[in-house]
Amino acid sequence: TKHANGVEAKESSETSEAISHPSTPPPLVWRNVPLESWSPEHGDQLLIDVERNVGTIVHQNGEALSFPVITGQKRTVIYIGLRYKAETPKKSWTALSLDTQGDRITYGSSGRFLRLYDGRTRTHYGIHAHRDEKIMFERDDRYQSMGCVIVEEQILNLLQKTFETNGGSLYVRTYGEDVPM
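Residues numbered from 1 in each chain as written. Predicted model: local features only at pLDDT ≥ 70, side-chain atom pairs only at ≥ 80, totals over all residues. Heavy atoms only, no water.

What to know about the sheet that holds strand 12 (residues 149–150)
Stage number 1. Strand order in this open sheet of nine strands is 1-4-3-2-13-8-9-10-12, and the pairing throughout is mixed. Two strands close off the open sheet at either side, each with one partner strand: strand 1 (31–32) and strand 12.
Stage number 2. Two elements, strand 1 and strand 4 (residues 63–68), share two bridges in a ladder whose sense is parallel. Within strand 4, the position partnered with asparagine 32 by the bridge is alanine 64.
Stage number 3. Packed onto the sheet, helix 2 (residues 153–165) meets strand 2 (45–49), strand 3 (54–58), strand 4, strand 8 (91–100), strand 9 (112–118), strand 10 (121–128) and strand 13 (170–175) and runs at close to 55° relative to strand 9. (Pairing = 2+ DSSP bridges. Helix = DSSP H or I, 4+ residues; strand = E, 2+ residues; numbered from the N terminus. Contact = heavy atoms within 4.5 Å. Axes fitted to C-alpha atoms, helices over the stretch in contact; angles between N-to-C directions.)

Quick look at helix 2
Stage number 1. Over its 13 residues, helix 2 extends 18 Å from the first C-alpha to the last, a length consistent with the 18 Å expected when each residue adds 1.5 Å.
Stage number 2. Among all positions of helix 2, only Ile155, Leu156, Leu158, Leu159, Gln160, Thr162 and Phe163 are buried.
Stage number 3. Following helix 2 by one or two positions, glycine 167 has its phi on the positive side, about 70°. (Expected span 1.5 Å × (residues − 1). Buried < 20%, exposed > 50% of the residue type's maximum accessible area, 1.4 Å probe, protein only.)

Describing the pairing of strand 4
Stage number 1. Pairing of strand 3 with strand 4 involves five bridges; the strand directions are antiparallel. Of the residues in strand 4, the one forming a bridge with valine 58 is alanine 64.
Stage number 2. Once strand 3 ends, the chain turns through four residues before running back antiparallel as strand 4, passing glycine 62 with a positive phi of about 95°.

Details of the pairing of strand 7 (residues 82–85)
Stage number 1. Bridging between strand 6 (residues 76–79) and strand 7 involves four bridges; their strand directions are antiparallel. Bridge pairing in strand 7 places tyrosine 79 opposite leucine 82.
Stage number 2. Where strand 6 folds back on strand 7, the antiparallel hairpin that results is connected by two residues, among which isoleucine 80 adopts a positive phi of roughly 45°.

Some thoughts on the packing of aromatic side chains
Stage number 1. Using the criterion set out here, one finds two aromatic pairs in the structure.
Stage number 2. Seen in terms of ring centroids, tryptophan 93 and tyrosine 125 are 5.4 Å apart; in terms of plane orientation they differ by 55°. Their pairing is tilted. Of this pair, tryptophan 93 sits in strand 8 while tyrosine 125 sits in strand 10, placing them 32 residues apart in sequence.
Stage number 3. Geometrically, the ring pair formed by tyrosine 107 and phenylalanine 113 is edge-to-face, given 5.4 Å between the ring centres and 85° between the ring planes.
Stage number 4. The ring of tyrosine 143 is capped by lysine 74, whose NZ or CZ atom sits 4.4 Å from the centre of that ring.
Stage number 5. Above the face of the tryptophan 93 ring, lysine 91 is positioned so that its terminal group lies 5.1 Å from the ring centre. (Phe/Tyr/Trp six-rings, centres within 6.5 Å; stacked < 30°, edge-to-face > 60°. Lys NZ or Arg CZ within 6 Å of the ring centre and 35° of its normal.)

Topic: the side chain of threonine 71
Stage number 1. Structurally, the position occupied by threonine 71 is in strand 5 (residues 71–72).
Stage number 2. Since its relative accessible area comes to 1%, threonine 71 is described here as buried.
Stage number 3. Apart from residues lying up to four places away in sequence, threonine 71 is in contact with Ile48, Val50, Asn53, Thr88, Arg142, Tyr143, Gln144, Ser145, Cys148 and Val149.

Here is the structure:
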């Protein structure tokens, strides 16, 4: 099945299968739209600038909604039994599942977690809220996560609607100084 955003979704859970990313890159010139006017559309793409800690949902017509995000710490951490560099990787992903985590501190009051996949391979990375998001977003340093992208609860609600509008699949690109394509 191919969704309107160009991402091919297959029933198989094989990790060796590749997912094609949108054939149409997001427009390079965006027209910002206020949150209260935003509505998810088929083909939306989520771009996350991990250098500036800004997320942007982009419609195919160039309308865009930007919002602050928190990304991975720029250091090595030991978390969930793993030792790794917590900096959020710069790459193309696809959110393919909406999981519910039991930890209501790390994942916010609802525990919702938009899991990011590398091709068909499930990763530990995702997008979620946090119980202490208000304090976290007030800080100057927004490199605070263990690698995931943290958003405010109202943005997570919007991302969930976008994910659902796109048939349970959302193209996500994390980038830095490179062009977000």
